[in-house]
Structure formats: structure tokens, C-alpha cells
Amino acid sequence: MLIRSRKSWELPYSAVTPEPIYRSRREFMRTATAGLLGAAAGTAIACGDADSAVGAQGRLTATRNAKYSVADPPNSFEHITSYNNFYEFGLDKDDPARYAGRLKVEPWSVKVDGLVGRPGTYGVDELVDFNALEERIYRLRCVEAWSMVIPWIGVPLASVLQKVEPLPAARFVEFTTVERPSEMPGLRVPVLEWPYREGLRLDEAMHPLSFMVVGLYGQVLPNQNGAPLRVHSPWKYGFKGAKSIVRIRLTDRQPRTSWPTMAPHEYGFYANVNPEVPHPRWSQARERRLPDFFARTPTLMFNGYGDEVASLYAGMDLRRNF
Ligand SMILES: Nc1nc2c(c(=O)[nH]1)N[C@H]1C(S)=C(S)[C@@H](COP(=O)(O)O)O[C@H]1N2
Ligand SMILES: [Mo]
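Attention here is on the structure that accompanies the text. Just so it is clear, the model here is predicted, and its values are computed rather than measured. Here the residue numbering is sequential within each chain, running from 1 through the sequence in written order. Written order decides the labels, with chains lettered from A and ligands numbered from 1. Local features in a predicted model are, by the rule used here, given only for residues with pLDDT of at least 70; side-chain atom pairs are given and counted only at 80 or more, and totals for whole chains, interfaces and linings are based on all residues. Excluding hydrogens and water, the side-chain values take into account all heavy atoms of the structure.

What makes a salt bridge here is a side-chain nitrogen of Lys or Arg within 4 Å of a carboxyl oxygen of Asp or Glu, nothing more. All told, the structure shown has 18 salt bridges when counted by the stated rule. Residue Glu144 is joined to Lys93 by a salt bridge in which the shortest nitrogen-to-oxygen separation is 3.2 Å. Taken as a pair, Glu144 in the loop between strand E4 (134–141) and strand E5 (146–156) and Lys93 in the loop between helix H3 (77–80) and helix H4 (95–99) lie far apart in primary sequence, 51 residues in all. Pair check on accessibility: Glu144 and Lys93 agree, each one buried. Between Glu183 and Arg180 there is a salt bridge, and its shortest N-O distance comes to 2.9 Å. Here Glu183 falls in the buried class, since its relative accessible area comes to 16%. Here the residues in one salt-bridge network are Asp72, Arg141, Glu287 and Arg289, joined through shared partners. Working definition: helices are DSSP H or I runs of at least four residues, strands are E runs of at least two. Numbering for both runs from the N terminus. Buried residues are those whose accessible area, probed at 1.4 Å on protein chains only, stays under 20% of the maximum for their type, while exposed residues exceed 50% and partly exposed ones sit between those limits.

Structure, rendered in C-alpha cells:
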């Protein structure tokens, strides 16, 4: 109790300071080395990684949706599953890969409540049509100014929400991550208000780009990436995509989500990728395209998805609604 009620301003600076401000030298050296190896070996390594990593996890059959692809090559399976943010397992980038195996993802149920016509407790396959899986290659831009390209597998988030029939009064959707202290060692650190909560305006959630992810690289989603289901809206900073979702709540009010609650001046509810609005402690104009830690490429407005999503924000001041 005492620990969990500690406020963020009582934490050590490192605990509430994301990259690139706080970054261990060890981490830096490993990423830098991976970048050099990747550059030297080229795409052969990336493909090899993807194949050799298939094994324990199950295969998924998905149709590639050619509409959603990216010019840059995807990051390797190995990299996407070993460099993660999932603070419930720890703050270092390799903590999720190390500890997420403890998370029991079967059986899994999701509570759906609030302003919906069909509230209830659903199994994953009642919400996600596994016969309609798509592969979409999306960019992921973390608010910490690094980015990756990831071949996700999933279904449009809209298809999930339609199954539970949002009521006309619903304007927002809130996602809550599982909270199991015995399986998630990072929950001991009160870096965020647990459980991790995220949310979208309903029109953002219903936008065709918003994706409910259940896999990547042709296989079932590894736990460190948010098994069994997580959201990804690629025009927003990565933290908008809650992992290991156990509750979906429809509401008429903007939900109180974890990051803006912890640091309201640093993290907004919208969190649209915007190179013109710096984080108070670092610029968002450029990003490190991992695994090359030194590759500083310009960050694009809405992460390059502006043609599709800019109209959602017509007339809004994106500096105020950051
Ligand atoms: N529950 C939960 N979801 C989370 C996070 C987290 O710490 N906990 N981190 C977010 C952040 S900051 C990012 S960048 C992405 C990273 O997703 P990935 O590890 O699959 O690349 O997950 C997001 N979802
Ligand atoms: Mo992030």
C-alpha cells in the first residue's frame, strides 16, 4: 500500500525519465553494436532472425494488406521482441523479453463495459476474427524518439468495437492492461498509476488505420509485445497502444490515462506524432531508426500518416491538444 501510493515526484529521476535522457551505457553499447552488425549483414540477417525465431509460438495465417506498407525494411523479429517498453516487467528495454514469459496468457478474457449494447466478458476469439487476419507493416514511433518498422498481424480495431455495439453516446474508448503482481515484477515500481490505461477518441479508434494486434512476423504475439492482444494506432506515439488488454470501456468522457496522469505537461491524451511540438525535455524533430542508434531521420507529421488522419483534427490546436 505504502509503495503503491507513492507519488511520481518522490521517485528517483531515472524512474520517471524515459530515453533518451536516461539510458544505461550498457544499453547504448548493445544497441550501437546491433546497428553495426545489421548494417554489415544487410537484410539476410533480418530474414534469418525472423525464421529461426519461429518455434515455441504458434503460426498465424494472415493476408498481407498491401495498402499498409512502408518503404523502409522491417526490423528483425529478434529486435522487435528484445527491445521493448512494457514497464509492468521493468524499465530496461530488455526486461520485457526477460520476464514476460511469466505472464499466463491462456485462458484470457476481456471485460467490455460502459456505453455498449453488448457488455460482457469475451474470449479473445470472440472479439477478433482469426479467419480475417491481416498483415500490416506499420511504423512505430516512440515518444522517446526512436522508431521501428513492424509487420503486425491483427484486425481493424473498428471490427472489434462493432462486435460490442458502441451506443450513440459513446465518444471515447479506454483500454486497460492486465495487472498481475505475481507475474509482472515491474508493478512493484510505482512509475505509473497501475494498471496501465490508455484511450482513444472513438473516431480515432474506428479509423481504418487503428489496429488490434494479435501477432507479428507470421506468428502469435510474443508476451513482451503485449500478448494476447494490444492496440497500435501508427500515427500516435507508441505509448497509446496498450498491451495485454483485459478491459475495453466505452465512455462519453475523455478517460484518465496513465501517462498524462503521471506527467500532464509531458504526455498528452492525443499524443499524435508531431515533429513541431517538442517534448519538454527533448526535441521530436528527428528519430533514431533502430537498430541503427546513430541514424537520425526526420520525424514526419502524424508519423507519415497525415493524408489518412489529418482530417480527424481539423480546427484543433495541436500544440494545445498535444
Ligand atoms: N501495458 C503497457 N503497454 C505499453 C507500454 C507499457 O509500458 N505497458 N509501453 C508503451 C510504449 S511507450 C511503446 S513505445 C509500445 C512498445 O511496443 P513494443 O514493445 O511492442 O514495440 O508499447 C506501449 N504499450
Ligand atoms: Mo514509447
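For the bond running from Glu106 to Pro107, omega is -5 degrees, close enough to zero to count as cis. One non-glycine residue, Ser244, lies in positive phi territory at about 40 degrees. Relative to the assigned elements, Ser244 resides in the loop between strand E10 (230–232) and strand E11 (245–251). On the basis of relative accessible area, Ser244 is assigned to the buried category, the value being 0%. Positive phi is not limited to glycine here, since Ala271 has a value of about 50 degrees. Within the secondary structure, Ala271 sits in the loop between helix H8 (258–262) and strand E12 (286–289). Overall, Ala271 belongs to the buried group, its relative accessible area being 3%.

Mapped onto the secondary structure, Trp282 falls in the loop between H8 and E12. Classification of Trp282 by relative accessible area gives buried; the value is 8%. As for Trp282 and Val143, which are separated by 139 residues in sequence, their C-alpha atoms are 9.8 Å apart. Only 2.9 Å separates the side chain of Trp282 from the backbone oxygen of Val143, close enough to count as a polar contact. Throughout this description, a polar contact denotes any pair of N or O atoms lying within 3.5 Å of each other; where both atoms belong to protein, one of them has to be capable of donating a hydrogen while the other can accept it, and for residues adjacent in sequence the pair is counted only when both atoms sit in side chains.

Aromatic rings from Phe, Tyr and Trp, taking only the six-membered ring of Trp, are treated as a pair when their centres fall within 6.5 Å; an angle between ring planes under 30 degrees marks them as stacked, one over 60 as edge-to-face, and anything in between as tilted. Here the structure, examined in full by the defined rule, presents 15 aromatic pairs. With a centroid separation of 5.8 Å and an interplanar angle of 85 degrees, the aromatic rings of Phe293 and Phe294 are classed as edge-to-face. One aromatic cluster is present, built from ring pairs that chain together Phe172, Phe269, Tyr270, Phe302 and Tyr313.

Before going further, it helps to spend a moment on the layout of surface pockets. Empty space within the second largest pocket amounts to approximately 290 Å³. Residues were grouped as follows: Ala, Val, Leu, Ile, Met, Phe, Trp, Tyr, Cys and Pro as nonpolar; Asp, Glu, Lys and Arg as charged; and all remaining residues, including Gly, as polar. Here the residues of the lining of the second largest pocket are counted per class, giving 10 nonpolar, one polar and two charged. Whether a set of points on the 1 Å grid over the protein atoms alone is a cavity depends on a 1.4 Å probe fitting there but being unable to get out, while an open set qualifies as a pocket with protein on both sides within 12 Å along at least five of seven lines; lining residues are those with an atom within 4 Å of a point. Grid points are joined across faces, edges and corners, and a volume is the space filled by probe spheres set on the points.

Next up on the list: the sheet that holds E11. Within a beta sheet, neighbouring strands are joined by backbone hydrogen bonds and run either parallel or antiparallel to one another. Read from one edge of the open sheet, five strands run E3-E2-E11-E6-E7, paired in mixed fashion. Unpaired on one side and paired on the other, strand E3 (120–123) and strand E7 (197–201) mark the two borders of the sheet. Pairwise comparison of adjacent strand axes, ignoring direction, gives a mean angle of 20 degrees for this sheet. Whether two strands pair comes down to DSSP finding at least two bridges between them. As judged from the six bridges shared by strand E6 (residues 172–177) and E11, these two strands associate in the antiparallel manner. For Thr176, the partnering residue across the bridge sits in E11 and is Arg247. Axis angles are defined between N-to-C directions and span 0 to 180 degrees, where every axis is a line fitted to C-alpha atoms and, for a helix, only to the segment in contact.

Where strand E2 (residues 109–114) meets E3, four bridges bridge the pair, whose relative direction is antiparallel. Bridging across to E3, Ser109 finds its partner in Gly123. Once E2 ends, the chain turns through five residues before running back antiparallel as E3.

Across the six residues that make up E6, a large majority, six, are buried. Taking every second residue as pointing to the same face, both faces of E6 are buried, with Phe172, Glu174 and Thr176 on one and Val173, Phe175 and Thr177 on the other. Bridge analysis of E6 against E7 gives five bridges, and the strand direction is antiparallel. Bridge pairing in E7 places Thr176 opposite Arg197.

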